[in-house]
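# Examining the three-dimensional arrangement
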Amino acid sequence: MLSRACVWGDLGRLCCVVFSATLLVACKGPEGAVESATAGAAPALPVQIKEVQEQDLPLTLEVVGQAEGSKQVEVRARVTGLIERQRYQEGQPVRAGAVLYQIERAPFEIALQQARAQLAQQQAQLEQARREYERLRPLAESRAVSQREADSAQSTLQLAQAAVALAQAQVREAELNLSYTTVTAPIAGISGRSLKSEGALVNPSTDSLLTTITQVDPIWVRFALSEAEVARLRQSGGTQVRLTDAQGAPLLGPGKLNFAGSTVDVSLGTVPLRAEFANPQQRVLPGQFVKAHVELGRVRGFLVPQSAVMQNEQGRMVWVVREGQAQLAPIQTGGWHGSDWVVTGGLKAGDQVILNNLMKLRPGAPVTVQAAATAPAASAASQ
């Protein structure tokens, strides 16, 4: 009797467990089934787009360039002496021929006087030799004196003439040395820091550099382009260049190319170029890095913001919306227009280029288009 009661108790507990499980499944109902069915579907990603239209655009190349003076000279001492006076303000404009330094003159004035005295002495000896030769020449012709005496007088005259020429050269040298004690600016430009102070001894052979002068108006900007870009530049015949700073603000008026290299840098595959710009206000200084925009003519294309263009080993590409899904579109670019890429191939009129959430997109991912006001363009650069 006890074992039969235990069996009936176990059956009762089993029925309770089965009933509870059935009740739990029934409580989940159809809503639980829907949740299970939709758990694997990703929601549509909101994106901002730009609908592009083909237009006639200027084709430009943007490169980083470095400014340099159109002329830059080193001002050096050409005689040995003490600097008595510095006669310019460092860092200020100077005109060509302006006095920069005054070197002690007294030793060179004395040397000039000595050279002139030596010249006078040689000229006196020349006159004596000429008189002696003129006296002996007719006597030699009439055989009143030997021909040997006449030849000796002629040689003495020639030696005296050479001595006078040498003395004249020494006078000229002394005059030049005296003039070199006044150090002047060889060109107009901006003066540099003085490397020698008043009272310093300068020597033209070992310690002659005094300062530098740089001409900054006009100013030159050096940069380099690839072989393909230089070929396009030559085909277009373009020579105009514009400058902007790091923020894209214009710096100077339009400039023109004034030099193109005749060889290719084998290590970089680039060709050096240089442009010239008027710089009356000295807004660009030598050594400054700027952005050079080289114009290559005009082309038909689309404007796409820089932040929307991606690049990998296959080339440049953008995300576009097609049938409510994100798709990658390889593109060909021609250059820059402001802060936008000029796209010359890979897009067609009316294409919707995605501007933000680029790192979250996958090919075929569903997207929903948002208005520009609800998805700021600034988010494109941060995502």
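This write-up is about the structure you can find in this document. (Residues numbered from 1 in each chain as written. Predicted model: local features only at pLDDT ≥ 70, side-chain atom pairs only at ≥ 80, totals over all residues. Heavy atoms only, no water.)

Looking now at the packing of helix α2 (residues 106–141) against helix α3 (residues 147–180). Here α2 crosses α3 at 160°, and the two axes come no closer than 7 Å. In terms of their interaxial angle, α2 and α3 are classed as roughly antiparallel. Every pair of crossing elements has a handedness; the one defined by α2 and α3 is left-handed. Per-class residue counts for the contact of α2 with α3 are 20 nonpolar, 11 polar and 6 charged. (Axes fitted to C-alpha atoms, helices over the stretch in contact; angles between N-to-C directions. Helix = DSSP H or I, 4+ residues; strand = E, 2+ residues; numbered from the N terminus. Parallel < 35°, antiparallel > 145°, perpendicular 65-115°, else oblique. Left-handed = near helix turned anticlockwise from the far one by under 90°. Nonpolar A, V, L, I, M, F, W, Y, C, P; charged D, E, K, R; others polar.)

Take the pattern of salt bridges next. In total, this model carries 13 salt bridges according to the counting rule given. The partner of Glu 109 in a salt bridge is Arg 105, with the nearest N and O atoms 3.3 Å apart. Judged by relative accessible area, which is 31%, Arg 105 ranks as partly exposed. Arg 322 is the salt-bridge partner of Asp 351, the closest N and O atoms lying 3.7 Å from each other. You can see Asp 351 sitting in the loop between β18 (340–345) and β19 (352–354) and its partner Arg 322 sitting in strand β15 (residues 315–322), a full 29 residues away along the chain. Given the relative accessible area of 7%, Asp 351 is considered buried. Residue Arg 322 is classed as partly exposed on the basis of its relative accessible area, which comes to 33%. The network of salt bridges with common partners includes Arg 116, Arg 172 and Glu 175. (Salt bridge = Lys/Arg side-chain N within 4 Å of Asp/Glu carboxyl O. Buried < 20%, exposed > 50% of the residue type's maximum accessible area, 1.4 Å probe, protein only.)

The residue Asp 340 is located in strand β18 in this model. For the buried Asp 340, which has no salt bridge, the nearest side chain bearing the opposite charge is Lys 50, at an N-O separation of 4.4 Å. In this structure, Asp 340 is in contact with Lys 50, Leu 303, Val 304, Pro 305, Gln 306 and Gly 335, ignoring residues within four places of it in sequence. (Lys, Arg positive; Asp, Glu negative; His and termini not counted. Contact = heavy atoms within 4.5 Å.)

Turning next to unusual backbone geometry. In this structure, the amide linkage connecting Asp 217 to the following residue, Pro 218, adopts the cis form with an omega of 5°. Positionally, Pro 218 belongs in strand β9 (residues 209–226). Positive phi outside glycine occurs at Glu 323, with the angle close to 55°. Inspection of the secondary structure assignment puts Glu 323 in the loop between β15 and β16 (325–330).

Bridge count between strand β2 (residues 55–76) and β9: 10 bridges; the pairing is antiparallel. Bridge pairing in β9 links Gln 72 to Thr 214. Two elements, strand β7 (residues 189–191) and β9, share 2 bridges in a ladder whose sense is antiparallel. Its bridge partner lying in β9, Ile 190 is registered against Thr 214. (Pairing = 2+ DSSP bridges.)

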